[in-house]
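This is what each chain is made of:
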Amino acid sequence: AQGLVESGGGSVQPGGQLKLSCTYDPRDAYHRMAWFRQAHDQKREGVAGILFRTAMYAESVKGRFTVSQDIAKGTLYLEMDSLEPEDTAMYYCAAGGPAAAALFWNDETYNYWGQGTQVTVSS
């Protein structure tokens, strides 16, 4: 893979919205892709992703975030609505090859990572 590049982060007020994008070479056929986030001094956690054409969400963002993918363009999206201060973190795009479904949220199983894009939610 040539790399993953995130964009779309920024600073918003609580209740605001942002749409993140992760671009990659469409010639790279990833079996799974996901968004992870890491708040300051916190562990990295899975947010949302796509596994076998099925959208996966962490309970903390379910109903507020929407993940989608444009395979032809080589772009993974994360639409974030009703943002809360707790959503503040560096958001990373990750991709990997085949793995057991039970390991979907295990960041150690992903082979490729973007540089991250910062999302800050504050009053």
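Residues numbered from 1 in each chain as written. Predicted model: local features only at pLDDT ≥ 70, side-chain atom pairs only at ≥ 80, totals over all residues. Heavy atoms only, no water.

Participant: In this structure, what is going on with the sheet that holds strand β7 (residues 65-70)? I would like to understand it.
Facilitator: Hydrogen bonds between backbone atoms are what pair the strands of a sheet, whose relative direction is either parallel or antiparallel. Taken together, the four strands give an open sheet; going across it, the order is β1-β3-β8-β7, and neighbouring strands pair in antiparallel fashion. Strand pairing shows two members of the sheet lacking a second neighbour, β1 (5-7) and β7, which therefore form its edges. Neighbour-to-neighbour, the strand axes of this sheet turn through a mean angle of 15°, independent of strand direction. (Pairing = 2+ DSSP bridges. Helix = DSSP H or I, 4+ residues; strand = E, 2+ residues; numbered from the N terminus. Axes fitted to C-alpha atoms, helices over the stretch in contact; angles between N-to-C directions.)

Participant: Mind showing me how you'd approach unusual backbone geometry here?
Facilitator: Negative phi is the rule for most residues except glycine; trans is the rule for most peptide bonds. Of note in the backbone geometry, Phe52 takes a positive phi value of approximately 50° without being a glycine. Take Phe52: it is sitting in the loop between β5 (45-51) and β6 (54-57). Even without glycine at this site, Arg53 takes up a positive phi of about 65°. Considering the arrangement of structural elements, one finds Arg53 in the loop between β5 and β6. On the basis of relative accessible area, Arg53 is assigned to the exposed category, the value being 84%. (Buried < 20%, exposed > 50% of the residue type's maximum accessible area, 1.4 Å probe, protein only.)

Participant: Which parts of the structure should I look at to understand the environment of Val47?
Facilitator: Tracing the backbone shows Val47 in strand β5. Sequence separation between Val47 and Arg32 is 15 residues, and the spatial gap between their C-alpha atoms is 14 Å. Sequence-distant contacts of Val47, defined by excluding residues within four places in its chain, comprise Trp35, Phe36, Arg37, Met56, Tyr57, Ala58, Val61, Phe65, Leu78, Tyr91 and Trp105. (Contact = heavy atoms within 4.5 Å.)

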